[in-house]
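Report on the structure
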Amino acid sequence: MVHLSLMSAAIAKTDYVSFTFFVGTMAMMAAAVFFFMEVGNTSKEWRTSVLVSGLITFIAAVHYYYMRGYYAETQDSPTFFRYVDWLLTVPLMCVEFYLITKKAGGTIGILWKMILGSVVMLVTGYMGEAGLGNPTIWGTVSAIAYFYIVYEVWLGDVKKLATSAGSAVASANSALGWFVLVGWAIYPLGYLIGTADGQWYASFKNIGLDMDVIYNIGDAVNKIGFGLVIYSLSRKAA
Ligand SMILES: *C/C=C(C)/C=C/C=C(C)/C=C/C1=C(C)CCCC1(C)C
């Protein structure tokens, strides 16, 4: 069987990259099951938010299953499928912000601005990682798009709507806003390590951490943690 290792490649004890792919797969699966099962126990206004948390972790679980096998077989970063995952799940996180501000009159227009920002952030990040040009330039463009999303959530339209809706929505928005400001900032570190070869920031290689490990930690924090915060908000508001 050509793809036997997709199922059963043994993970060497020192292969901590594979280990984090393995744990990531299980954690995403467990989180998806949890969120899906809890949808029925959730008050009506929060049901879609919890459902979307289930979709985010489910989509990630499928990609992690694949990436785990890819890495085990090739010892190479599954860059393409990493970005496919992000291109599906990050816009869904923007949907979570939309669902929260919708109660205060949030519009589809604001949702599209955030999705557009995240697509620019991810497509340019992919260009930089895939060697399709200068990684400093692509990384900078990506970072500008990232700061645009941070701006929207902390100072722009999303923030204004959340504030006008009163304390419950405002505190939900800032809880999720911390993920965007701090949790998402994990990723550029992975990028700097992963693209360091021959660049002015080549010394990032010496940090001794692996790009995929950083991305896997970032995904666990941002997909599962983000979903759990939404879940706990849904219980408080009920
Ligand atoms: C579930 C996946 C998430 C929340 C992924 C988020 C990814 C980012 C915030 C990536 C950001 C990047 C930059 C800000 C600059 C360098 C390139 C990226 C794409 C790693």
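Everything that follows concerns the structure shown earlier in this document.
Predicted model, so just to flag it, every value in this text is computed and none were measured.

1. What to know about the overall build of the protein chain
Along the protein chain, the regular secondary structure elements total ten helices and zero strands. Secondary structure elements of the protein chain, listed N to C terminal, follow the sequence α-α-α-α-α-α-α-α-α-α. A compact globule built from 238 residues would reach a C-alpha radius of gyration of about 18 Å, and the protein chain, at 18 Å, matches this within 12%. Its C-alpha atoms put the protein chain at 50 × 40 × 25 Å along the principal axes. Per-residue burial for the protein chain yields a buried fraction of 47% across its 238 residues. Surface exposure of the protein chain reaches about 11400 Å², of which carbon and sulfur atoms provide 72%. Side chains of the protein chain carry 14 positive and 14 negative charges; the gap between the two charge centres is 12 Å.

2. Quick look at the packing of aromatic side chains
Considering all chains together, one arrives at 20 aromatic pairs under this definition. A centroid spacing of 5.3 Å and a plane angle of 90° characterise the contact between F80 and F81, whose relative ring orientation is edge-to-face. Aromatic pair Y83 and Y126: ring centres 5.5 Å apart, planes at 65°, arrangement edge-to-face. Of this pair, Y83 sits in helix α4 (residues 79-102) while Y126 sits in helix α5 (residues 108-129), placing them 43 residues apart in sequence. In textbook terms, an aromatic cluster arises when at least three aromatic residues are bridged by ring pairs, as seen for Y66, Y70, F80, F81, Y83, W86, Y126, Y187 and Y215. When the ring centre of W46 is taken as reference, the NZ or CZ atom of K103 above it lies at 4.4 Å.

3. Here we look at the pattern of salt bridges
Considering all chains together, one arrives at six salt bridges under this definition. The residue R82 makes a salt bridge to D212 at a minimum N-O spacing of 2.8 Å. Residue R82 is found in helix α4, and its partner D212 is found in helix α10 (residues 211-237); the two are separated by 130 residues along the sequence. Salt-bridge contacts for D157 lead to K113; the nearest nitrogen and oxygen are separated by 2.6 Å. You can see D157 sitting in helix α7 (residues 157-164) and its partner K113 sitting in helix α5, a full 44 residues away along the chain. What you see here is one network of salt bridges that share partners, running through R82, D212, D219 and K223.

4. Description of the site of the ligand
In the vicinity of the ligand lie 17 residues, with W86, M121, S142, Y187 and K223 positioned nearest. Starting from 530 Å² of accessible surface for the ligand in isolation, the protein chains cover 99%. The cavity where the ligand resides is the largest pocket. Where the shell around the ligand is concerned, the elements lending two or more residues are α4, α5, α6 (135-154), α9 (186-194) and α10.

5. What to know about the side chain of S49
Within the secondary structure layout, S49 lies in helix α3 (residues 44-74). When its relative accessible area of 2% is taken as the criterion, S49 is described as buried. Those residues in contact with S49 that lie beyond four places of it in its chain are E96, L99 and I230.

6. A few points about the packing of helix α2 (residues 16-38) against α3
Closest axis-to-axis distance for the α2/α3 pair is 7 Å, and the angle between their directions is 155°. By the angle between their directions, the pair α2 and α3 is classed as roughly antiparallel. Crossing hand, α2 versus α3: left-handed. Tallied by class, residues from the contact of α2 with α3 come to 20 nonpolar, six polar and one charged.

Rules used in this analysis
- Residues numbered from 1 in each chain as written.
- Predicted model: local features only at pLDDT ≥ 70, side-chain atom pairs only at ≥ 80, totals over all residues.
- Heavy atoms only, no water.
- Helix = DSSP H or I, 4+ residues; strand = E, 2+ residues; numbered from the N terminus.
- Rg over C-alpha atoms; globule rule 2.2 N^0.38 Å.
- Buried < 20%, exposed > 50% of the residue type's maximum accessible area, 1.4 Å probe, protein only.
- Areas by Shrake-Rupley, 256 points an atom, 1.4 Å probe, with all protein chains shown as cover.
- Lys, Arg positive; Asp, Glu negative; His and termini not counted.
- Charge placed at Lys NZ, Arg CZ, Asp CG, Glu CD.
- Phe/Tyr/Trp six-rings, centres within 6.5 Å; stacked < 30°, edge-to-face > 60°.
- Lys NZ or Arg CZ within 6 Å of the ring centre and 35° of its normal.
- Salt bridge = Lys/Arg side-chain N within 4 Å of Asp/Glu carboxyl O.
- Near = heavy atom within 4 Å.
- 1 Å grid on protein atoms, 1.4 Å probe; cavity = no way out; pocket = protein on both sides within 12 Å on 5 of 7 lines; lining within 4 Å.
- Sits in = over half its atoms within 2 Å of the grid points.
- Contact = heavy atoms within 4.5 Å.
- Axes fitted to C-alpha atoms, helices over the stretch in contact; angles between N-to-C directions.
- Parallel < 35°, antiparallel > 145°, perpendicular 65-115°, else oblique.
- Left-handed = near helix turned anticlockwise from the far one by under 90°.
- Nonpolar A, V, L, I, M, F, W, Y, C, P; charged D, E, K, R; others polar.

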